[in-house]
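The primary structure of each chain is shown beneath.
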Amino acid sequence: MKLTLVVATDKNFGIGLNGDMLFYISDDLKKFKALTMNNIVIMGRRTFEALPNSKELPNRTNIVLTRNKLDLKEGIAVSSIDELKNKLEEINPNKEKEEFLIGGGNLVNTLWNYIDKAIITIADKEYKEVDTHIPNLLEDKNFEIVSESEEFFDNKNQLKYKFYEFKRRV
Ligand SMILES: NC(=O)c1ccc[n+]([C@@H]2O[C@H](COP(=O)([O-])OP(=O)(O)OC[C@H]3O[C@@H](n4cnc5c(N)ncnc54)[C@H](OP(=O)(O)O)[C@@H]3O)[C@@H](O)[C@H]2O)c1
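These numbers were taken from a predicted model, which means no experiment stands behind them.

Quick notes on the rules
- Residues numbered from 1 in each chain as written.
- Predicted model: local features only at pLDDT ≥ 70, side-chain atom pairs only at ≥ 80, totals over all residues.
- Heavy atoms only, no water.
- Helix = DSSP H or I, 4+ residues; strand = E, 2+ residues; numbered from the N terminus.
- Rg over C-alpha atoms; globule rule 2.2 N^0.38 Å.
- Areas by Shrake-Rupley, 256 points an atom, 1.4 Å probe, with all protein chains shown as cover.
- Lys, Arg positive; Asp, Glu negative; His and termini not counted.
- Charge placed at Lys NZ, Arg CZ, Asp CG, Glu CD.
- Phe/Tyr/Trp six-rings, centres within 6.5 Å; stacked < 30°, edge-to-face > 60°.
- Buried < 20%, exposed > 50% of the residue type's maximum accessible area, 1.4 Å probe, protein only.
- Lys NZ or Arg CZ within 6 Å of the ring centre and 35° of its normal.
- Pairing = 2+ DSSP bridges.
- Salt bridge = Lys/Arg side-chain N within 4 Å of Asp/Glu carboxyl O.

J.: Honestly, the overall build of the protein chain in this entry has me stumped. Any pointers?
T.: Assigned secondary structure in the protein chain consists of 4 helices and 12 strands. In summary, the protein chain has a C-alpha radius of gyration of 15 Å against a globular reference of 15 Å for 170 residues, a match within 12%. By its C-alpha atoms, the protein chain is 40 × 40 × 25 Å across when sized along the principal axes. Carbon and sulfur atoms make up 44% of the accessible area of the protein chain, which amounts to about 9,900 Å² in all. The average position of the 26 basic charges and that of the 28 acidic charges among the side chains of the protein chain differ by 1 Å.

J.: Sorry, what's going on with the packing of aromatic side chains here?
T.: In this description, an aromatic ring pair is defined by two values, namely the gap between the centres and the angle between the planes. Inspection of every chain in the model, using the stated rule, returns 6 aromatic pairs. Judged by centre distance (6.0 Å) and plane angle (25°), the rings of F23 and Y127 are stacked. Separated by 104 residues along the polypeptide, F23 in the loop between β3 (20–21) and α1 (26–36) and Y127 in the loop between β8 (115–123) and β9 (132–133) bring together distant segments of the chain. This pair shows no difference in class: F23 is buried, exactly as Y127 is. Three or more aromatic residues joined by ring pairs form one cluster here, namely F152, Y161 and F163. Lying across the ring of F163, K31 places its NZ or CZ 4.7 Å from the centre.

J.: I'm lost on unusual backbone geometry in this one. Help?
T.: Excluding glycine, residues mostly have negative phi values, and the peptide bonds linking residues are mostly trans. In this model, G103 is joined to G104 through a cis peptide bond whose omega is 0°. Along the chain, the position of G104 falls in the loop between β7 (99–101) and α4 (105–110). Even without glycine at this site, N18 takes up a positive phi of about 50°. Tracing the sequence through the fold places N18 in the loop between β2 (14–17) and β3. When its relative accessible area of 66% is taken as the criterion, N18 is described as exposed. One non-glycine residue with positive phi stands out, namely Q158, at about 50°. Within the fold, Q158 resides in the loop between β11 (152–154) and β12 (159–168). For Q158, a relative accessible area of 55% translates into the label exposed.

J.: Would you mind going over the pairing of β2 with me for this structure?
T.: Residues in a regular strand point their side chains to alternate faces of the sheet. Two strands pair when backbone bridges link them, and β2 and β9 are joined in this way by 2 bridges, in the antiparallel orientation. Residue pairing across strands places G16 opposite T132, the latter belonging to β9. In the sheet, β2 pairs with β3 via 2 bridges, with the strands oriented antiparallel. Paired with G16 across the bridge in β3 is M21. Between β2 and the antiparallel strand that follows it, β3, lie 2 residues; N18 among them carries a positive phi value of about 50°.

J.: How should the pattern of salt bridges be read in this particular structure?
T.: Going through the model one piece at a time under the given rule, you end up with 12 salt bridges. Across the pair E49 and R45 runs a salt bridge, and its minimum N-O distance is 3.1 Å. Taken as a pair, E49 and R45 lie in helix α2 (residues 45–50) at a separation of 4 residues, close to a single helical turn. Overall, E49 belongs to the partly exposed group, its relative accessible area being 42%. Residue R45 is classed as partly exposed on the basis of its relative accessible area of 29%. What emerges from the salt-bridge pattern is a single network uniting K11, D124 and K160.

This is the structure:
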């Protein structure tokens, strides 16, 4: 299993507070949509519940990890990492679709060793109130930066941000 992580973080790799994201940058959401469209998105149950109306992301295969019963209309619920691996083998045997891990903190920490690539939007701000983090990719020697965008500015949030791509070192 080789996953591509895609999340938006603050300077300290914070990703959430009280079940919500720290910020919503329109261009970042567009990029997320373009990347994941027609592919597979894997998420923890809390992240699923934070999606608009707690509904699956359209035109993508949604896989939600939970140890409890979860009724999904179109998505697939799995209850362990082994079940996730088996399901991915079953539905994507030739790896034609990219397998994106889209959060949250709990699941990203659990699946860290399976992450091969990370597409991260980093905002140039330290949020004071944060309750969910991912590991610091800039300090993880197992990862290297493949690309770093110019700095953009989001008017709505008054926020500077950059797009990064990391790859696990071989
Ligand atoms: N900034 C971003 O890009 C971004 C992206 C995604 C999420 N977020 C934020 O992250 C926060 C949510 O993250 P979180 O860490 O609280 O929760 P999470 O990782 O989304 O979900 C955790 C849940 O996933 C299930 N789970 C985790 N590991 C499992 C395993 N090995 N086997 C079976 N089920 C497993 C469990 O569900 P059950 O309790 O049902 O068993 C667990 O409670 C929110 O604030 C959200 O807005 C931010």
